[in-house]
Amino acid sequence: MTKPATLRYRRGRIALCCVAAGLLAGCVSPDPVDEDAGYRIERRSTPPEVAQAQAAERVAVRWVMRRSLVPLSRPLEQAWALADEGVLPPVSQAVWNANGLRVGVLSASSARAFGAALGETAESVDGQLVVADWPELLRRSPPLGAEFVADLTVPPGEERRVPLTGGRLQLLVESRALGNGTAELTLIPQHARPRASIVPRTAREKLLDGRVFDELAVTLTVSERQGVLVGLFLPLEERPPEPDPDNPPEDTPQGSSQNAPQALNVQETPGGSDRPASAEPSEPAEKPEPAETDREALPALTLGRGLLTTGVGPRHFQVLLLIRPTGLP
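What counts, and at which threshold
Residues numbered from 1 in each chain as written. Predicted model: local features only at pLDDT ≥ 70, side-chain atom pairs only at ≥ 80, totals over all residues. Heavy atoms only, no water. pLDDT = per-residue confidence, 0-100. Contact = heavy atoms within 4.5 Å. Buried < 20%, exposed > 50% of the residue type's maximum accessible area, 1.4 Å probe, protein only. Helix = DSSP H or I, 4+ residues; strand = E, 2+ residues; numbered from the N terminus. Pairing = 2+ DSSP bridges. Salt bridge = Lys/Arg side-chain N within 4 Å of Asp/Glu carboxyl O. Core = buried A, V, L, I, M, F, W, Y, C linked by side-chain atoms within 4.5 Å. Axes fitted to C-alpha atoms, helices over the stretch in contact; angles between N-to-C directions. Polar contact = N/O pair within 3.5 Å; in protein donor to acceptor, adjacent residues only side chain to side chain.

It is worth spelling out the confidence of the model for the protein chain at this point. Looking at the protein chain, the pLDDT average stands at 76 and 63% of residues meet or exceed 70. In the predicted structure, residues 18-44 sits below a pLDDT of 50 and forms 12 contacts with residues beyond four places in sequence or in another chain. The model gives residues 251-297 a pLDDT under 50, and that stretch makes 98 contacts with residues more than four places away or in other chains.

Moving on: the pairing of strand S4 (residues 101-107). Burial runs high along S4: 6 of the 7 residues are buried. In this sheet, strand S13 (residues 226-232) lies alongside S4 in antiparallel orientation, the contact comprising 7 bridges. Across the sheet, Leu101 pairs through a bridge with Leu232, a residue of S13.

This part is about unusual backbone geometry. Residues Pro155 and Pro156 are joined by a peptide bond in cis, for which omega reads 0 degrees. Within the fold, Pro156 resides in the loop between strand S7 (148-151) and strand S8 (161-164).

Attention shifts here to helix H4 (residues 90-98). The set of residues buried in H4 consists of Val95, Trp96 and Asn97. Lining the buried residues of H4 we find S4, S7, strand S10 (182-192) and strand S12 (218-223).

In this section: the pattern of salt bridges. For the structure shown, the criterion picks out 12 salt bridges. Between Arg204 and Glu136 there is a salt bridge whose closest N-O contact spans 3.1 Å. Placement of Arg204 in helix H6 (residues 203-207) and of Glu136 in strand S6 (residues 136-140) is noted, with a sequence separation of 68 residues between them. Of the charged contacts, one joins Arg161 and Asp151 as a salt bridge, the two residues approaching to 3.5 Å between their closest N and O atoms. In this pair, Arg161 sits in strand S8 while Asp151 sits in strand S7, placing the two residues 10 residues apart along the sequence. Overall, the relative accessible area of 48% leaves Arg161 in the partly exposed class. A network of salt bridges, in which partner residues are shared, links Glu77, Glu85 and Arg102.

By the element assignment, Val87 lies in the loop between helix H3 (77-80) and H4. We classify Val87 as partly exposed; its relative accessible area is 33%. As for Val87 and Leu220, which are separated by 133 residues in sequence, their C-alpha atoms are 7.1 Å apart. Discounting chain neighbours no more than four positions away, the residues touching Val87 are Gly104, Val105 and Leu220.

Before going further, it helps to examine the nonpolar core. Counting residues in hydrophobic clusters, the biggest one holds 46 residues, and the most contacted among them are Leu138 and Leu187. If you look at the next biggest cluster of nonpolar residues, it comprises 11 residues, including Ala83, Leu118, Leu229 and Leu320.

Ordered in space as S4-S13-S14-S3-S5, the 5 strands form an open sheet in which the pairing is antiparallel. If you trace the sheet from one side to the other, it starts and ends with S4 and strand S5 (123-131), each paired once. Within the sheet, the average angular offset between the axes of one strand and its neighbour, ignoring direction, is 20 degrees. Relative to S4, helix H5 (residues 111-118) is tilted by about 135 degrees, and along the sheet it contacts strand S3 (61-71), S4, S13 and strand S14 (317-326).

Looking at the secondary structure, you find Arg66 in strand S3. On the basis of relative accessible area, Arg66 is assigned to the buried category, the value being 14%. In terms of polar contacts, Arg66 uses its side chain to reach the side chain of Asp126, at 2.8 Å.

Below you can see the structure in the form of structure tokens.
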């Protein structure tokens, strides 16, 4: 009767020895072997700084933003002089300008002076946007009623222009926290054209329908005391004339009033609930189709013209977007 008990005892000692050996070896399982390559894969622990960076990338970044409308004919060089447009390499800046787009970084210390240089606005709307692991929509145009052009020419290369008809123009954003009180923001223009699919897709997946111009994407690094300013690049020769003061514009956005000049304070978080507000307030109706006699006089219909204006005439408005991160780790 003692033999089975002795056998169980010996088996127990063998199992205990195996567990102890595993503990002494650091509980590391044998390294796998890639038989095809003929070598052993070496496992290494992740350095602390890499682990910290990977954890920061998974943190959603909350951005507060202000969208302002100012007359299309108003020169804004004094306001843009307060923003640092040199954050982009010269080639990237030239390509963005060729597409009617302009971007710079505005510091908190310049916010009040920027508001004074901007002057009164036809409308200013605050909102919030949370960006995690998928592109989000920052700006969307009305349906395109004319042929716009995306200029993909990179100096000194050959000219590359892509006509854009139908659908809408969009400006997408990606971002990630860098873990040191700063965040990266990537701005990506897109020609959105919904497509039919028999496979169920989420709203996020549908957002990327059409052509995403990754070749026009730009990335900037900002802190909570800095804001990214996005606006229309308009050469002097293409700027519409000032409207007649004796015949004031009647096509101001619905529900808006002429606001007094206000500083775009990049330190102030918009009021309201903690739930992110839509980054796209109500917009005027689709841009009117220009008369046949005016078609030849129209300036180039660039990405900036479609994304950051309410029309192309002297009574229309240009859009300025100021976006700033908040609550960074």
